[in-house]
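# A structural walkthrough
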Protein chains: 4
Amino acid sequence: MANNIQNIFNESLQDTNLSDKQKTVLKASLDLFSTKGFDSTSTKDIANSAGVAEGTVYQQFKNKRGILDAILNPFIDSVLPKIVLDFTDAVKGNQFDNVHDFLTYVIKNRMKFALTNQNQVRIFAQEIFKSNKLLNQMKKQLGNLLDGPVAQQLQKFQERGEIAPIPIPRLIQFLFSTTVSFVLPAILNQQGNVTNEQIDGWTEQSVDFILHGITL
Amino acid sequence: MANNIQNIFNESLQDTNLSDKQKTVLKASLDLFSTKGFDSTSTKDIANSAGVAEGTVYQQFKNKRGILDAILNPFIDSVLPKIVLDFTDAVKGNQFDNVHDFLTYVIKNRMKFALTNQNQVRIFAQEIFKSNKLLNQMKKQLGNLLDGPVAQQLQKFQERGEIAPIPIPRLIQFLFSTTVSFVLPAILNQQGNVTNEQIDGWTEQSVDFILHGITL
Amino acid sequence: MANNIQNIFNESLQDTNLSDKQKTVLKASLDLFSTKGFDSTSTKDIANSAGVAEGTVYQQFKNKRGILDAILNPFIDSVLPKIVLDFTDAVKGNQFDNVHDFLTYVIKNRMKFALTNQNQVRIFAQEIFKSNKLLNQMKKQLGNLLDGPVAQQLQKFQERGEIAPIPIPRLIQFLFSTTVSFVLPAILNQQGNVTNEQIDGWTEQSVDFILHGITL
Amino acid sequence: MANNIQNIFNESLQDTNLSDKQKTVLKASLDLFSTKGFDSTSTKDIANSAGVAEGTVYQQFKNKRGILDAILNPFIDSVLPKIVLDFTDAVKGNQFDNVHDFLTYVIKNRMKFALTNQNQVRIFAQEIFKSNKLLNQMKKQLGNLLDGPVAQQLQKFQERGEIAPIPIPRLIQFLFSTTVSFVLPAILNQQGNVTNEQIDGWTEQSVDFILHGITL
DNA sequence: CATGAATGAGCGTTCATTCAT
DNA sequence: AATGAATGAACGCTCATTCAT
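Residues numbered from 1 in each chain as written. Chains lettered and ligands numbered in written order. Predicted model: local features only at pLDDT ≥ 70, side-chain atom pairs only at ≥ 80, totals over all residues. Heavy atoms only, no water.

### As for the UniProt feature "DNA-binding region" (unreviewed entry) in chain A
The cut-off we apply is this: UniProt positions are given in the numbering used here, feature names are shortened, and annotations may be inferred rather than shown by experiment. By the criteria applied, helices consist of DSSP H or I runs no shorter than four residues and strands consist of E runs no shorter than two, each listed in order from the N terminus.
The feature "DNA-binding region" (unreviewed entry), as annotated in UniProt, sits at residues 42-61 of chain A in this numbering. For residues 42-61 of chain A, helix accounts for 75% and strand for 0%, while the C-alpha atoms at its two ends are 14 Å apart.

Laid out in structure tokens, this is it:
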């Protein structure tokens, strides 16, 4: 499953009918946008980084914004939902009969996803402050999440009395924020190489905190 | 205290030798940068919003970047530390003899601060992805925080056995992320009017979660 | 009167709040558009010709099209109507009691106008093929002409039996085309220096032809 | 004869060694140049309209200008002269023994030609303002006209005393301008469908005016 | 101090043209 | 012969910055 996640963006790249040069353009843009920001990256920067002429950039992409969309739209429309929906199978095949194992699975999964897609996450984080459209798209996706298998599993645990009767959206908010608190520093520092051991440690600490808080 | 926070930026404004017109420039820039982003705001935008000539902007600020610095530097160098140091007095005058009250105080305090300074926070959040300097400055400030009164108070509770033996930086990370999880959506949505009642509710839920997690 | 015509465009220039540099830009554009055509003239060309920086061009004019409008709009909205309406006074002060004198006056007048404003006419002629808006504006102005003093005077002559009962629009069409047949070659050849003697000769030949045709 | 005129351009097309695709390119260019103008028509527009790849356009035509030349050169070098020279036969076979019939024939003939070739005329009219070469070519052709059968016929009428002793070039100027005054509005309005009845009416009015002017 | 016209480097984008397939 | 991806010069235009008033 972890491998699947890692490949979702690349798969979605292969789905498109972009030439090799165009994919280089997209890769270069991903790098530049994520470090310098969209506005501070010139199309000349992109062309130089990709090793193509500036005109080539516009062969496939309508305009500079189009490159950003080609990066963010799959992220929003395809990658995120895929992640969310993939749980269906995971949950079916993998009967989580205790909260601890379930949280461990979900959190580790998401950490890997975020760290694998660091650049997109950075770009997304920068753009969401400027674009109401992006913000609304994310709200919608989060809404879907609340109807999805994660929410259903959490509810099941609640009904069994294994989780406190906190509203599901709030539960997800806490899961999310705790996860992010480990991942975001790495993303901000652009630490490319986070080991599986680190992720395992972070996951354990997250699950402990989420389950029991900070009191003894 | 709440009032103090609200005024810290304004106070730090008064400390500078900026003319009234220059302050208008700064206020206008604050608004524009926070909504449109630094790059997408032109000096003409600023001049128009501030009701001054474009040249006037350059009377006090060396360049456009200088305006951003004039907004973010006090935030980093003065506002943030002031907040941190103010605790000394607060803690002295206000003996927190249980964890619950302490967390309630700290969290409510910070929520108000973040919401009062929404615009700076928005600008800060956007820029920190692009500027290593900013990132390092924040790391330094967070380092100071770890030597400050909040950390000391937490350690005291730990020594008394009222808090689990989680490393202090990690404790602060959890406090921070939980708080942010309530505040950030409001900031993203640019909800100007968050009531005290809402903040009280958010604080309560945060403290409950931080103390006991999600299990019964 | 002839002097008036000569000055109408310049007057309309003075009415605007254009700086000296901007007027230079307009003059340069007038030259370049009229010889090379609008599309083949670059804003760099204009800036170089005007001796200003390219940015200066955009200080007063929203875009390149705006310069063309600043040249053509007065021509359509102000210069042409002014010419048409000025007849009122001319006719009042100048009782034309025979067709010959009237035509001589009208045709000489228009020839001078067209030759004085050669560049605008050239630009206008090029653009009218591409712009339906321009075409419609001219139709409207020609419509106004048919309600104006020239048409009235012609009708008076018709009622007196001094002119054949040809429909007024057709009469004006013949006046116009005959006049143009003398003026257009000069404009195409960009003959700047057409003498008053030439114009007098052209006028006489035009009036002769219009009155009697080519038969003996 | 009318049919001949209609086909002259097509005939001249057949003379060339253009493939079917290339002819489509030329047709498409004719349409686009005449409506949007040469400069505002991109080679991509042409390729799309013609349903070929952009590279194909350059198979037969050296460059974009080459397409314009392929449209205008036959118009100047072959179509116009052919029209002029065809009179030889026409005049031979058709003895014009009065001015009225001759003018009627000549004018109707030219009106049809201009209306049939509206698009070329539009392109020609736009380009002649920009290209001295084109202007000189036309001057040369008009010079030939003055040595041609029309001029000879007119001179014959003059010698017989049926036409006033106006210089032949001037006579032709009047014929031309009167004809144009009917045809140009239709061309500007891009009225594709001018009926033979309309042309007959226009011709009659033209001839009347040319012969007798506007007096009774 | 404040102004705003002037600047020119640099932006995003277009497009005529080339050339390997 | 036909293609269309690739090119890069040149375009229209923006904008941070300067400076004479």
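And the narrative resumes.
### A word on the packing of helix H2 (residues 20-36) of chain D against helix H3 (residues 43-50) of chain D
Residues and elements named next belong to chain D. Basically, it comes down to this: The axes are straight lines fitted to the C-alpha atoms, using for helices just the contacting stretch, and the angles between their N-to-C directions are given from 0 to 180°. Angles below 35 degrees are treated as roughly parallel, those above 145 as roughly antiparallel, those between 65 and 115 as roughly perpendicular, and all remaining angles as oblique. Two helices cross in a left-handed way if the nearer one is turned anticlockwise from the farther one by less than a right angle. They cross in a right-handed way if the turn is clockwise. By definition in these notes, contact holds between two residues if any of their heavy atoms fall within 4.5 Å. Put simply, Ala, Val, Leu, Ile, Met, Phe, Trp, Tyr, Cys and Pro go in the nonpolar bin, Asp, Glu, Lys and Arg in the charged bin, and everything else, Gly too, in the polar bin.
Interaxial distance between H2 and H3 falls to 8 Å at its minimum, and their mutual angle equals 125 degrees. Here H3 runs oblique to H2, going by the angle between their axes. Like other packed secondary-structure pairs, H2 and H3 cross with a definite hand, here right-handed. For the pair formed by H2 and H3, the contact residues are Thr 24, Val 25, Ala 28, Ser 29, Leu 32, Phe 33 and Lys 36 on the first element and Asp 45, Ile 46, Ser 49 and Ala 50 on the second. Looking at the contact of H2 with H3 residue by residue, the class counts come to 6 nonpolar, 3 polar and 2 charged.

### Quick word on the interface of chain D and chain C
As a reminder, the rule being used: A simple way to read buried area is as the amount of 1.4 Å-probe accessible surface that goes missing from two parts once joined, with both sides added. By salt bridge we mean one thing: a side-chain nitrogen of Lys or Arg within 4 Å of a carboxyl oxygen of Asp or Glu.
If you look at the interface, chain D gives 39 residues, while chain C gives 40 residues. Of the roughly 3,700 Å² buried at the junction of chain D and chain C (both faces included), carbon and sulfur atoms supply 64%. If you look at where chain D meets chain C, you find 0 salt bridges. Of all the secondary structure elements, the ones that give two or more residues to the side of chain D that touches chain C are H2, helix H7 (118-127), helix H8 (132-147), helix H10 (168-188) and helix H11 (196-212) of chain D. If you tally residues by element for the side of chain D that touches chain C, the top one is H10(D), at 9 residues.

### Observations concerning the pattern of salt bridges
Where we set the bar: Partly exposed describes any residue whose relative accessible area lies between the buried limit of under 20% and the exposed limit of over 50%, with all areas from a 1.4 Å probe on protein chains only and scaled to the type maximum.
One pass over the full model with this rule turns up 24 salt bridges over all chains. Its salt-bridge partner being C:Lys130, residue C:Asp39 comes within 2.4 Å of it at the nearest N-O pair. Highlighted residues: C:Asp39 in the loop between helix H2 (20-36) and helix H3 (43-50) and C:Lys130 in the loop between helix H7 (118-127) and helix H8 (132-147), separated in sequence by 91 residues. On the basis of relative accessible area, C:Lys130 is assigned to the partly exposed category, the value being 27%. Among the ionic contacts, a cluster of salt bridges with common partners joins A:Asp39, A:Glu127 and A:Lys130.

### As for the relation of the copies chain D and chain C
As a reminder, the rule being used: Alignment of copies: least-squares fit on C-alpha atoms of residues with pLDDT of at least 70 in both copies.
Once chain D has been moved 0.1 Å along the axis and rotated by 179 degrees, it coincides with chain C to within an RMSD of 0.2 Å. Classification of the inter-copy transformation places it as that of a two-fold axis. Using C-alpha coordinates, one finds that chain D approaches the rotation axis most closely at D:Gly213, a distance of 1.9 Å. Here 100% of the contact residues of chain D are again contact residues in chain C; the copies associate through an equivalent surface.

### Quick look at the side chain of A:Gln173
Inclusion rule: Within 3.5 Å is the distance limit for a polar contact, defined as a pair of N or O atoms, with the added protein rule that one can donate a hydrogen and the other accept it, and that residues adjacent in sequence qualify only through two side-chain atoms.
Relative to the helices and strands, A:Gln173 is located in helix H10 (residues 168-188). A polar contact is formed between the side chain of A:Gln173 and the side chain of B:Ser181, at a distance of 2.8 Å. Residues contacting A:Gln173, with those up to four places away along its chain left out, are B:Ser181 and B:Phe182.

### Remarks on the protein's contact with DNA strand E
Put simply, the rule is: The rule for a residue being near a molecule or strand is that one of its heavy atoms must lie within 4 Å of it.
Near DNA strand E there are 30 residues, and of these A:Thr43, A:Lys64, B:Thr56, C:Thr56 and D:Thr43 occur at the shortest range. Of all DNA strand E atoms lying within 4 Å of any protein atom, the proportion belonging to sugar or phosphate reaches 61%. A:Tyr58 places a polar side-chain atom, nitrogen or oxygen, 2.8 Å from a phosphate oxygen of DNA strand E. When residues of the surface near DNA strand E are traced back to their parent elements, those giving at least two are helix H4 (54-60) of chain A, helix H2 (20-36) and helix H4 (54-60) of chain B, H2 and helix H4 (54-60) of chain C together with helix H4 (54-60) of chain D. Of the residues that constitute the surface near DNA strand E, the class distribution is 6 nonpolar, 18 polar and 6 charged.

### Describing the relation of the copies chain A and chain B
Once turned by 179 degrees and shifted 0.0 Å along the axis, chain A lies on chain B with an RMSD of 0.2 Å. Comparing interface residues between copies, 98% of those in chain A also lie at the interface in chain B; the contact surface is shared.

### Re the interface of chain A and chain B
It is common to give the size of an interface as the accessible area that goes away when the parts come together. Listed per partner, the contact involves 40 residues of chain A and 39 residues of chain B. Interface area, chain A with chain B, both sides summed: about 3,800 Å², of which 65% is carbon and sulfur. Here chain A is connected to chain B by 18 residue pairs in polar contact (both at pLDDT 80 or more). Counting only elements with at least two residues in the side of chain A that touches chain B, the list comes to helix H2 (20-36), helix H7 (118-127), helix H8 (132-147), H10 and helix H11 (196-212) of chain A. Ranked by the residues each element gives to the side of chain A that touches chain B, the list is headed by H10(A), at 9 residues. For the side of chain A that touches chain B, the class distribution of residues is 18 nonpolar, 15 polar and 7 charged.

### Describing the domain arrangement of chain A
Residues and elements named next belong to chain A. To be explicit about the condition: Each domain's extent is set by a domain assignment, obtained either automatically or from a database.
Under the domain assignment used here, chain A contains domain 1 (1-75) and domain 2 (94-216). Summing both sides of the interface, domain 1 and domain 2 together bury roughly 1,600 Å²; the carbon and sulfur share of this comes to 61%. Run the count over domain 1 and domain 2 and you get 1 salt bridge. Linking domain 1 with domain 2 are 5 residue pairs in polar contact (both at pLDDT 80 or more). Secondary structure elements with two or more residues in the side of domain 1 that touches domain 2: helix H1 (2-15), H2 and helix H5 (64-93).

### Here we look at the confidence of the model for chain A
All names here are of chain A. Filter applied, for reference: The predictor reports its confidence for every residue as pLDDT, a score running from 0 up to 100.
Predicted confidence across chain A gives a mean pLDDT of 85, with 85% of residues reaching 70 or more. The secondary structure element of chain A with the lowest average pLDDT is H1, at 51, and the one with the highest is H11, at 96. In the model, residues 1-7 has pLDDT below 50 throughout and makes 8 contacts with residues more than four positions away in sequence or in other chains.

### What to know about the side chain of C:Ser34
Along the chain, the position of C:Ser34 falls in helix H2. Owing to a relative accessible area of 1%, C:Ser34 belongs among the buried residues under this scheme.

### Looking at the protein's contact with DNA strand F
Inspection of the region around DNA strand F gives 31 residues, with A:Thr56, B:Thr43, B:Tyr58, C:Lys64 and D:Thr56 positioned closest. Counting only atoms of DNA strand F within 4 Å of the protein, the fraction found in sugar and phosphate groups is 59%. One of the backbone N or O atoms of A:Ala53 is found 3.1 Å from a phosphate oxygen in DNA strand F.

### Thoughts on helix H6 (residues 99-116) of chain D
Residue and element names in this part refer to chain D. To be explicit about the condition: The span expected for a helix works out to 1.5 Å for each residue beyond the first.
Spanning 18 residues, H6 covers 26 Å between terminal C-alpha atoms, matching the ideal 26 Å at 1.5 Å per step. Buried residues of H6: Val 99, Phe 102, Leu 103, Tyr 105, Val 106, Ile 107, Asn 109, Met 111, Phe 113, Ala 114 and Leu 115, and no others. By the N-cap criterion, in which a side-chain oxygen at the helix start approaches the backbone nitrogen of a residue two or three places on, H6 is capped by Asn 98, the distance to His 100 being 3.1 Å.

### Things to note about a nonpolar patch on the surface
For clarity, the threshold we go by: Residues enter patches when they are more than 30% accessible in relative terms and free of salt bridges; like-charged ones are connected within 9 Å and nonpolar ones (Val, Leu, Ile, Met, Phe, Trp, Tyr) within 5 Å. Using a 1.4 Å probe, the Shrake-Rupley method yields the accessible areas, and only the shown protein chains count as cover for residues.
Side chains of A:Phe176, A:Val180 and A:Leu184 sit close together on the surface and give an oily, nonpolar patch of about 260 Å² of accessible area. Mapped onto the elements of the fold, A:Leu184 is located in helix H10.

### A short note on the environment of D:Glu162
Relative to the assigned elements, D:Glu162 resides in the loop between helix H9 (149-159) and H10. D:Glu162 gets classed as partly exposed once you look at its relative accessible area, which sits at 27%. Along the chain, D:Glu162 and D:Val99 lie 63 residues apart, while their C-alpha atoms are 7.2 Å from each other. Sequence-distant contacts of D:Glu162, defined by excluding residues within four places in its chain, comprise C:Thr215, D:Asp97, D:Asn98, D:Val99 and D:Phe157. For D:Glu162, the side chain forms a polar contact with the side chain of D:Arg160, separated by 3.0 Å.

### Comments concerning unusual backbone geometry
Residues and elements named next belong to chain A. One non-glycine residue, Gln 190, adopts positive backbone phi at about 55 degrees. Summarising the element assignment, Gln 190 is placed in the loop between H10 and H11. When its relative accessible area of 35% is taken as the criterion, Gln 190 is described as partly exposed.

### Regarding the packing of aromatic side chains
Selection rule: Planes of paired rings set the category: under 30 degrees apart is stacked, over 60 is edge-to-face and the rest tilted, where pairs are Phe, Tyr or Trp rings (Trp by its six-membered ring) whose centres lie within 6.5 Å. Definition used: whenever NZ (Lys) or CZ (Arg) falls within 6 Å of the ring centre and also within 35 degrees of the ring normal, the charge is taken to sit over that ring.
Scanning the model with the defined rule gives 30 aromatic pairs over all chains in all. On the basis of an interplanar angle of 70 degrees and a centroid distance of 5.1 Å, the ring pair of A:Phe209 and B:Phe209 is categorised as edge-to-face. Highlighted residues: A:Phe209 in helix H11 and B:Phe209 in helix H11 (residues 196-212), drawn from two different chains. Assigned by exposure class, A:Phe209 and B:Phe209 land together as buried. Ring centres of C:Phe102 and C:Phe157 lie 5.7 Å apart, and the angle between their planes is 55 degrees; this geometry places the pair in the tilted category. In this pair, C:Phe102 sits in helix H6 (residues 99-116) while C:Phe157 sits in helix H9 (residues 149-159), placing the two residues 55 residues apart along the sequence. Among the aromatic residues, those joined into a ring-pair cluster are A:Phe174, A:Phe182, A:Trp202, A:Phe209, B:Phe174, B:Phe182, B:Trp202 and B:Phe209. Its guanidinium or amino end placed over the ring of B:Phe38, B:Lys64 lies 4.5 Å from that ring's centre, counting from NZ or CZ.

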